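# Commentary on secondary and tertiary structure
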Amino acid sequence: MSVMRVARELSRWVVLVVGVLLWQLWASGHHSPFFPPPSTILDRMYHLWFSGPASHVFFTANATGNLLPSIWRTLAGLAIATVIGVPLGIALGRSRAASEYLEPLLQFGRALPVVTLAPVFLALFKIGNQMEIATIAFGTIWPILLNTIDGAASVDPVQVETATAFRLTRAQRLTQLILPSALPKIFTGFRLSLSLALILMVFSELVGSSNGIGYEMLNAQNSFDLVELWCTIVVLGILGYLLNAILNGVQRLVLGWHRGARQVEAV
Amino acid sequence: MTPVPAARKARAARWRRGLTGVIAFGVIAELLGVTGVIPRSVLPLTSTVLGHAVTLLGSGRFLADLAATVEAWAAGLAITIVIGVPAGVLLGSVPGVRVATRAVVEFLRPIPSVALILLVSLWLGPGLRMSVTLIVYGAIWPVLYNTMAGLDDVDPVAKETNRAFGFSALDTIRMVSLPSAAPFIATGVRLASSVAIILDIGAGYITGRVNGPGLGAFIADQSSGAGNLPVILAATIWAGILGLVLDRAIVYAERRLLRWNHLRLAGAGDTGS
């Protein structure tokens, strides 16, 4: 039984490991400038970011100067989108009239390719944290807002009537019925917003920034340093993976009770 | 007088309220600008932006850019579906393949496709090929995951029944699993569509005019000069309308293709949008 499990665990990694090995073999034979071998990329990543002093948890100055600002902006943008999107979504979801007045504007906001607003945000906020966080927050608020509205609007009416019959106060109804019922939808929104946040973080740093992963990327391209370009791509993949894993953990913690919390991926 | 059916009345009220909301938004924005609460240099007047939006429709160059964006979107989305759906069926119906590829998929998916713009533009050079490659990379995940989720959701009894009648596994996928998963796949395609628009415009914006025509190139052109904010906002309005129209087109295609499904679910409330 446990042997089977070990074999299953191993089989999960086989394709990845074999793929990386094949890439390594192919790349060392072909010397393609566009696809350097993984060993070269990992070596450079170590020197770029993780060979710092122990007092800085081995982060180099480059890592604290470029990786941390990007992470901070992503989280700040998402936090703003959440703080505005969830309460507003619940309010709109519980008021049919209000959501009907705003629906076309909301749909338009979601359909708006937020990248076209980058020049507008550049003009409004100047280059730097403000502009990047504004772009991320503006772009990521729509999935959170619309999914929260959907979740709050589709609370079982029988449950709402029951809650009223039991004379639950407004606050109690909100925290004990509406919010828990809307949570699965809210998490669907979070998941969409998370991947969008990374896209917008990179995009805004490519367009206007003086530090960050996107900025480092642009420098690497300008000096035709493809190994460094690959390093930034890999580190973004790792960052996305970690953020997603954290979200999954929080979701399990918060939604463990939810019977219908099946593993339906909404991406 | 014949009484208006309640559903139609409710829909009319929705339209009225929606329109009121849009107009109110425009009027408030205009008033904030006219009274100077928001300086015009920061946010141009609604009327100025709308005026530019109308003028843009007379500009051949803008229309060519708009058409080029739709072209890249369509090409990218078509390739995404052609690759993503079969891959999702393979991963969703053969457990071994799914387990073995999970690690690869989980490492590839979080890489934001915008991050690949610079690499792909060096590798393939700017142009439609670059845009389409980026679109496919970014848009394939929702299609892949939703196809897999749809296959997971198939009624096992229906599959077993089909098999008991002697149909092969491939026939069962074609006759039972795919039709049952179709609404999930359609949702995946809608998500993929909005990713495709963002990536096409984003790639054009970062690479600039050398990437060929497109809304991204248009906005890159405009943002290089000062004082073009109203034109950029006007183009943004058209980009948003384009996003809405393409989304509606997919919903419409879904309803046509999956008419049987909507009939089946007619009692279960609105499944659209």
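Up top is the structure.
Let me sum up the structure you'll find in this document. (Residues numbered from 1 in each chain as written. Chains lettered and ligands numbered in written order. Predicted model: local features only at pLDDT ≥ 70, side-chain atom pairs only at ≥ 80, totals over all residues.)

Attention now moves to the overall build of chain B. Helices and strands together make up the secondary structure of chain B, namely 11 helices and 0 strands. Sequence-ordered secondary structure for chain B, helices as α and strands as β, is α-α-α-α-α-α-α-α-α-α-α. Counting only C-alpha atoms and orienting by the principal axes, one finds that chain B spans roughly 75 × 70 × 30 Å. Buried positions account for 39% of the 273 residues belonging to chain B. Sequence separation of 24 or more characterises 69% of the internal contacts of chain B that already satisfy a separation of 6 or more. (Helix = DSSP H or I, 4+ residues; strand = E, 2+ residues; numbered from the N terminus. Buried ≥ 20, exposed ≤ 12 C-beta atoms within 10 Å, placed from the backbone. Contact = placed C-beta atoms within 7 Å.)

Moving on to helix H2 (residues 38-50) of chain A. All names here are of chain A. Within the span of H2, buried status applies to Ile41, Met45 and Trp49. Considered in projection along H2, the buried side chains sweep an arc of 40° and stay on one side of the axis. Where H2 is buried, its residues contact helix H3 (61-94) and helix H10 (226-255). (Arc of directions from axis to C-beta.)

Glancing now at the interface of chain A and chain B. Quoted interface sizes are often the accessible area lost when the parts come together. Contact residues are listed per partner, giving 47 residues for chain A and 51 residues for chain B. Elements supplying a minimum of two residues to the side of chain A that touches chain B: helix H1 (2-30), helix H4 (96-111), helix H5 (118-125), helix H8 (170-207), helix H9 (213-222) and H10 of chain A. Split by residue class, the side of chain A that touches chain B holds 33 nonpolar, 9 polar and 5 charged. (Nonpolar A, V, L, I, M, F, W, Y, C, P; charged D, E, K, R; others polar.)

Right, let's talk about the nonpolar core for a bit. The biggest cluster of nonpolar side chains holds 122 residues, and the ones touching the most others in it are Val202, Phe203 and Leu236 of chain A together with Ala139, Ala196 and Ala235 of chain B. In contact with alanine 235 of chain B, other than residues within four places in its own chain, are Thr116 of chain A together with Leu56, Leu215, Phe218, Ile219 and Gln222 of chain B. (Core = buried A, V, L, I, M, F, W, Y, C linked by C-beta atoms within 7 Å.)

Here we take up the packing of helix H6 (residues 128-152) of chain B against helix H8 (residues 169-207) of chain B. How two helices pack is summed up by the angle between their axes together with the distance between the axes. Residues and elements named next belong to chain B. Where H6 contacts H8, the axes come no closer than 7 Å and their chain directions differ by 155°. Taken as axis vectors, H6 and H8 run roughly antiparallel relative to one another. Classified by chirality, the crossing of H8 by H6 is right-handed. Here the residues of the contact of H6 with H8 sort into 19 nonpolar, 8 polar and 1 charged. (Axes fitted to C-alpha atoms, helices over the stretch in contact; angles between N-to-C directions. Parallel < 35°, antiparallel > 145°, perpendicular 65-115°, else oblique. Left-handed = near helix turned anticlockwise from the far one by under 90°.)

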